[in-house]
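Chains, contacts and geometry: an overview
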Amino acid sequence: MEKGEMYVGWSTKDDVRKRGGSGGLVTSMLAAALEKKLVDAVVVLKKINEFEAVPIITSDINEVLNSAGSLHSVPSHFAKLIANKNLKVALPAKGCDVRGIIEQGKRNAINLENTFIVGLNCGGSMHPVVTREMLEVMYKIKPEDVHGEEIEKGKLIFETKDGKKNAITIDELEEKGYGRRESCRYCTIKIPTNSDIACGNWGVTGDLVGKATFVEINSEKGARLLQNAVDAGYIQIQKPDEKGVAMRAKIKGVMEGLGQKWKEKIFVPMDNRLEYFRKELEHCIDCGACKTVCPTCSCGDVSKCTEYHSRGDAYKMSMYHLVRFLHLGDACIGCGQCSDVCPVDIPLTRLYRRFANPIQQELKYEPGMDMQKPPYFEVKLNE
Amino acid sequence: MSGVAGQTAAKTDGWEPKIVAFCCNWCSYGGADSAGMGRFQQPASARIIRVMCSGRIDPLHVFNAFLEGADAVLVTGCHIGDCHYVNGNDKTKIKYKYLENVAHELGIEKERLQLNWISASEGEKFANFIRDVTAQIKKLGPSPLKPEGVA
Ligand SMILES: Cc1cc2nc3c(=O)[nH]c(=O)nc-3n(C[C@H](O)[C@H](O)[C@H](O)COP(=O)(O)OP(=O)(O)OC[C@H]3O[C@@H](n4cnc5c(N)ncnc54)[C@H](O)[C@@H]3O)c2cc1C
Ligand code: SF4
Ligand code: SF4
Ligand code: SF4
Ligand code: FES
């Protein structure tokens, strides 16, 4: 097996295959890596209920096998979870997880040699609080009655305990202000080619739909991970058909195009920008949560930005945010974590991307996609 | 809060802008010195802050200057190739790009933040630079980031 090869595969364990997002291949691959000691630990989501979960680091194979399934209302981020722990680890990762992990790698907080990144194709995730409200307002069901959740043909479907399926199109949900987080709408990393192996249901055809995962090997590590799972008897794979390969490429293109459209819709040119930023940041309570969760920051507790919490009351703008607007210019990956955690609901990702979009475009620097260093560090001696 | 728009509109006659100029010890600071010695006419608007190299200027010094009431901030250093610490000014150039980006997206007029390479012997260039910026800022009026109650 090598980089560039594509396969369709599924778990050989029936219950994992059934519970898996699409065939349980990812779960089984992670479990096999643990069993054959390719890694010492695995990161998975531990369910709280049918649509909420928390990430855990575990060495218990059963805990891994029990994690199967895609949770769309869990906008977790795994980069900081494994940073500074010196783990030999394998983990599932949405595009933004992968980008965060690579940025932590650049900052020497994660050893990428020891990190097996199982990329998940990602159409987007939802904020759990928004999801709860959406269930009551749009679906008219109690969050506690949800038994299962899936996305099919552009519809978000919640199954209730009585077996009833409730479907609404994602377009309609987003029109009403629900659905995916804003950052997901304009995210353009739909197939994480920056991971070791990219997995998803796009490209699975015929009878296998819903029962298998399409994988693309992106690195030697990815090849080892897949081969190991086959050898250990955890998964079964076969070559994909041409139709599937073409379909997957086409969906990727369409999704990226939609992301681009959202980007243009959200980031309209603006007059009076200073006033806009001042208004948005007016209610900031300087809690520092947006910096704590930011997967590209590895400054630790004492950092330049937080030095300016609660100082200079007469200042017309927050120094804390000015420093971050600057520092995130070449680092922000648009993961949405900052907006998710802000206790006073400041749409931070939208603010940060206002600064990051133009400079990253101008300097042709895309953080989290490869090991390329930020332009500042590329200054050549004696040039 | 509501003072922002009002302040920008007010172009007070006789008002002298406050211009903070970061100058490198080895070049532009000397430039400022020779401007004085050569008795080139220059306005009293500039507050010079001496640094050992333009590479020492952290963008947050610039933000701080604005938040403390500067109407314009100038980043100056040795001509590219002439930095006394090999490539400090190459780094300045890149840092400045990020800084300029933040200032622009924030909506701060480009006249309020400027970069210039000025050697120790270019006293006249330094004096002209300060004079030009002063004239530009007089047209724009006080900075919208100036705290209430600061002249
Ligand atoms: C939010 C989200 C959106 C997705 N959108 C698409 C899409 O548009 N197109 C597409 O082809 N594929 C998408 N996928 C991937 C797809 O749903 C399957 O995860 C993939 O095909 C692998 O299936 P599997 O049965 O092998 O995985 P499983 O065996 O079910 O393993 C899934 C693994 O992912 C982890 N996981 C579950 N939810 C999350 C989460 N929110 N964040 C991080 N890790 C999580 C679980 O802990 C588990 O380890 C998405 C996945 C997620 C999580
Ligand atoms: S930011 Fe992108 S990769 Fe991350 S959850 Fe949203 S759509 Fe998925
Ligand atoms: S600034 Fe916000 S969106 Fe950007 S990387 Fe940090 S947490 Fe993610
Ligand atoms: S999370 Fe919100 S309130 Fe807390 S520091 Fe960030 S912007 Fe301010
Ligand atoms: S010494 Fe003048 S810019 Fe470095």
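Every value quoted in this text rests on a predicted model; they were computed, and no experiment measured them.

Concerning the overall build of chain B
- A count of helices and strands for chain B gives 5 helices and 4 strands.
- The helix and strand sequence of chain B, counted from the amino end, reads α-β-α-β-α-β-α-β-α.
- The C-alpha atoms of chain B give a radius of gyration of 15 Å, which matches the 15 Å a tight globule of 151 residues would have.
- Judged by the C-alpha coordinates and their principal axes, chain B covers about 45 × 35 × 20 Å.
- Taking all 151 residues of chain B together, 54% fall into the buried category.

With respect to the site of ligand 1
Residues and elements named next belong to chain A.
- Every one of the 31 residues lining ligand 1 counts as a neighbour, but G21, S22, G24, T27 and G69 are closest to it.
- Within the backbone of G23, one N or O atom sits 3.3 Å away from an oxygen atom of ligand 1.
- Between ligand 1 and T27, the relevant distance is 2.5 Å, taken from an oxygen atom to a side-chain nitrogen or oxygen of the residue.
- Among the elements that take part in the shell around ligand 1, helix α2 (residues 25–35) stands out by supplying 4 residues, more than any other.
- The residue inventory of the shell around ligand 1, partitioned by class, reads 13 nonpolar, 17 polar and 1 charged.

Side note on the site of ligand 2
- Residues in contact with ligand 2, as listed here, are A:K94, A:G95, A:C96, A:C122, A:G124, A:S125, A:R181, A:C184, A:C187 and A:K190.
- Residues belonging to the shell around ligand 2 are distributed by class as follows: 4 nonpolar, 3 polar and 3 charged.

Quick look at the interface of chain A and chain B
- The partner chain B presents 30 residues to the 31 residues of chain A that form the contact.
- At the boundary of chain A with chain B, total buried surface from both sides reaches about 3,000 Å², with 66% on carbon and sulfur atoms.
- Taken as a group, A:K316, A:L326 and A:Y376 account for 23% of the area that chain A buries against chain B, more than any other trio of residues on that side.
- With a closest N to O distance of 2.3 Å, B:D58 and A:K304 form a salt bridge.
- Between chain A and chain B we count 10 residue pairs in polar contact (both at pLDDT 80 or more) in total.
- Only α11 (273–281), α13 (319–327) and α15 (348–362) of chain A provide two or more residues apiece to the side of chain A that touches chain B.
- Residues of the side of chain A that touches chain B, tallied by class, amount to 19 nonpolar, 2 polar and 10 charged.

Some points on the domain arrangement of chain A
Residue and element names in this part refer to chain A.
- One can read the domain layout of chain A as domain 1 (6–125 + 186–261), domain 2 (128–179) and domain 3 (273–377).
- The straight-line distance from the C-alpha centre of domain 1 to that of domain 2 is 24 Å.
- Listed as interface residues are 9 residues of domain 1 and, on the opposing side, 10 residues of domain 2.
- When the buried area of domain 1 at its contact with domain 2 is split by residue, E50, F51 and H72 rank highest and sum to 63% of it.
- The interface formed by domain 1 and domain 2 holds 1 salt bridge in total.
- E52 is the salt-bridge partner of R132, the closest N and O atoms lying 3.2 Å from each other.
- Of the residues that constitute the side of domain 1 that touches domain 2, the class distribution is 3 nonpolar, 4 polar and 2 charged.

Reading the values: the criteria
- Per chain, residues are indexed from 1 in the order of the written sequence.
- Note on labels: chains are lettered from A, ligands numbered from 1, in written order.
- With pLDDT at 70 or above as the cut-off, local features in this predicted model cover only qualifying residues; side-chain atom pairs require 80 or more to be listed or tallied, and sums for whole chains, interfaces and linings still use all residues.
- Side-chain measures here rest on the full set of heavy atoms in the structure, leaving out hydrogens and waters.
- Each helix is a run of DSSP H or I of at least 4 residues and each strand a run of E of at least 2, with the numbering of both proceeding from the N terminus.
- Our radius of gyration is a C-alpha quantity, and the globule rule it is checked against amounts to 2.2 Å times the number of residues to the power 0.38.
- Using a 1.4 Å probe on the protein chains alone, a residue whose accessible area is under 20% of its type maximum counts as buried, one over 50% counts as exposed, and one in between counts as partly exposed.
- Put simply, a residue is near a molecule or strand once any heavy atom of it comes within 4 Å of that molecule or strand.
- Pairs of N or O atoms are called polar contacts if they sit within 3.5 Å, as long as, within protein, a hydrogen donor faces a hydrogen acceptor (for residues adjacent in sequence, only side-chain-to-side-chain pairs).
- Throughout, the ten residues Ala, Val, Leu, Ile, Met, Phe, Trp, Tyr, Cys and Pro are labelled nonpolar, Asp, Glu, Lys and Arg are labelled charged, and all others, Gly among them, are labelled polar.
- Residues are treated as being in contact if the distance between any of their heavy atoms lies within 4.5 Å.
- Reported buried area values correspond to the accessible surface (1.4 Å probe) lost by two parts on association, with both partners' losses combined.
- The term salt bridge refers to a pairing of a side-chain nitrogen on Lys or Arg with a carboxyl oxygen on Asp or Glu at a separation within 4 Å.
- Domain borders in the structure are assigned automatically or taken from a domain database.

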